[in-house]
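Residue-level listing of the chains:
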Amino acid sequence: MKYIIFNWKSYLNLKETISLSKIISNLPSSKKFKLVSSPNNFFNLAIKSRFPKNTLATQNIDFHGSGANTGSMNINHLIENKIKYSILGHSEVRSNFGDSDTIVKIKLDLCLSHNIIPIVCVGETKDVYKSKKTKIFLKSQINKIFDKSTSYNEVILAYEPLWSIGTGLTPKIDEIEEISSYLSKILKNYSFKKINILYGGSVNLTNISDILNLRNVNGVLVGSASTKSDFIKYFK
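Treat the numbers as computed from the prediction; the structure is a model and nothing was measured.

Rules and cut-offs
Residues numbered from 1 in each chain as written. Predicted model: local features only at pLDDT ≥ 70, side-chain atom pairs only at ≥ 80, totals over all residues. Heavy atoms only, no water. Helix = DSSP H or I, 4+ residues; strand = E, 2+ residues; numbered from the N terminus. Rg over C-alpha atoms; globule rule 2.2 N^0.38 Å. Buried < 20%, exposed > 50% of the residue type's maximum accessible area, 1.4 Å probe, protein only. Contact = heavy atoms within 4.5 Å. Areas by Shrake-Rupley, 256 points an atom, 1.4 Å probe, with all protein chains shown as cover. Lys, Arg positive; Asp, Glu negative; His and termini not counted. Charge placed at Lys NZ, Arg CZ, Asp CG, Glu CD. Salt bridge = Lys/Arg side-chain N within 4 Å of Asp/Glu carboxyl O. Phe/Tyr/Trp six-rings, centres within 6.5 Å; stacked < 30°, edge-to-face > 60°. Core = buried A, V, L, I, M, F, W, Y, C linked by side-chain atoms within 4.5 Å. Disulfide = S-S within 2.5 Å. Pairing = 2+ DSSP bridges. Right-handed = clockwise from strand over helix to strand, strands pointing away. Axes fitted to C-alpha atoms, helices over the stretch in contact; angles between N-to-C directions.

**Quick look at the overall build of the chain**
Within the chain, the regular secondary structure consists of 10 helices and eight strands. On C-alpha atoms alone, the chain measures out to a radius of gyration of 17 Å, which is about the 18 Å that the 2.2 N^0.38 rule sets for 236 residues. Its C-alpha atoms put the chain at 45 × 45 × 30 Å along the principal axes. Here the chain, with 236 residues, has 52% of them falling under the buried criterion. The contacts of the chain with a sequence gap of at least 6 include a subset with a gap of at least 24, amounting to 72%. Of the roughly 11800 Å² that the chain leaves accessible, carbon and sulfur atoms contribute 50%. The positive charge centre, built from 32 side chains, and the negative charge centre, built from 18, are 6 Å apart in the chain.

Structure (structure tokens):
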């Protein structure tokens, strides 16, 4: 089964989010795809209430917990409302809010200790890609986020080259397979009960079939393309 994660970012208003969520709720159950939608965090409760069978993810959490923490996305709120996934370390969160690999590691451990499945994003800049140092960069990220002495439960790792996100540019298919294979290899140095490797970055109807057919890719994390109804209906 392939994970299909719709990251709607802040593209949609509530009405539009409800419309797409309704399409997802009406899709027949599938043994091929696991659909997870990640609306704007403000809309999660409304969508969960209206479409309880839809699987949701938050776009981020923080690690401050309950109390005097203005603007906090408390992980306990996810548990109370049966939201089972959270995206961590997305490049836009890293750039806009300063999340480092160290902070992603803290959030990862917090998710797993509360039985929330983390969707951990990693990926290189265009300069790193052009200098052919992608593998070195990703290995460094993995080493900072994961601990070889820890036994992890279920984790999703999303490879999203920063230069591909929202640009319409994507690595070649054989490059995606090469990097996914490399990630699979180095992750064997860690202990996971279950690990899935996803690709993200300008995924669309033109390239999704080829990406999902790659042996070492267990799904996709999709941004703007997933805000279109025809893209969602692809998974019926």
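**Points about the pattern of salt bridges**
Under the defined criterion, the tally for this structure stands at four salt bridges. With a shortest N-O distance of 2.9 Å, K9 and E92 are connected by a salt bridge. Taken as a pair, K9 in the loop between β1 (2–7) and α1 (14–26) and E92 in helix α4 (residues 91–97) lie far apart in primary sequence, 83 residues in all. The class for K9 is buried, based on a relative accessible area of 12%.

**Focus: the packing of aromatic side chains**
Aromatic ring pairs are reported here in terms of the distance separating the ring centres and the angle at which the planes meet. Inspection of the entire model under this criterion finds 13 aromatic pairs. Measuring from centroid to centroid gives 5.6 Å for F231 and F235, while their planes differ by 70°, and the two rings are edge-to-face. For the pair formed by F231 and F235, the shared burial category is buried. Put simply, the rings of F6, W8, F33, F231, Y234 and F235 pair up and form one aromatic cluster.

**Here's the deal with the nonpolar core**
F6, L108, F146, L183 and F235 are the most contacted members of the largest nonpolar core, which has 58 residues in total. Non-local contacts of F235, meaning those with residues more than four positions away in its chain, are made with I4, F6, F33, L35, I208 and L212. If you look at the next biggest cluster of nonpolar residues, it comprises 13 residues, including I87, I117, C121 and L198.

**Re the state of the cysteines**
One covalent bond between the sulfur atoms of two cysteine residues makes up a disulfide. Under the definition given, this model contains zero disulfides. The thiol of C111 is not disulfide-bonded; the next cysteine sulfur, from C121, is found 12 Å away. For C121, a relative accessible area of 3% translates into the label buried.

**Observations regarding the environment of T125**
Tracing the backbone through its elements, the reader meets T125 in the loop between β5 (117–122) and α6 (126–130). Sequence separation between T125 and I142 is 17 residues, and the spatial gap between their C-alpha atoms is 16 Å. With near-sequence residues (within four places) excluded, T125 lies in contact with L162 and W163.

**Here we look at the pairing of β1**
Among the six residues that make up β1, six are buried, leaving the element largely enclosed by the rest of the structure. Going residue by residue along β1, you find K2, I4 and F6 tucked away on one face and Y3, I5 and N7 tucked away on the opposite face as well. Bridging between β1 and strand β2 (residues 33–38) involves six bridges; their strand directions are parallel. By the bridge assignment for β2, F6 is matched with S37. With α1 bridging β1 and the parallel β2, this β-α-β connection has right-handed handedness. Direction of pairing for β1 relative to strand β8 (residues 219–222): parallel, over a ladder of four bridges. Bridging from a neighbouring strand, I4 pairs with V220 of β8.

**Some points on the sheet that holds strand β6 (residues 151–159)**
Pairing is parallel across the open sheet formed by eight strands, whose spatial order is β2-β1-β8-β7-β6-β5-β4-β3. In the strand order of this sheet, the two ends are held by β2 and β3 (57–58), each with one partner. In terms of strand pairing, strand β4 (residues 85–88) meets β5 through four bridges, oriented parallel. Considered in β5, the bridge of L88 is made with V120. Helix α5 (residues 101–113) contacts β4, β5 and β6 of the sheet and is inclined by roughly 130° relative to β6. Taken strand by strand, helix α8 (residues 173–187) contacts β6 and β7 (191–200), and its axis lies near 165° from that of β7.

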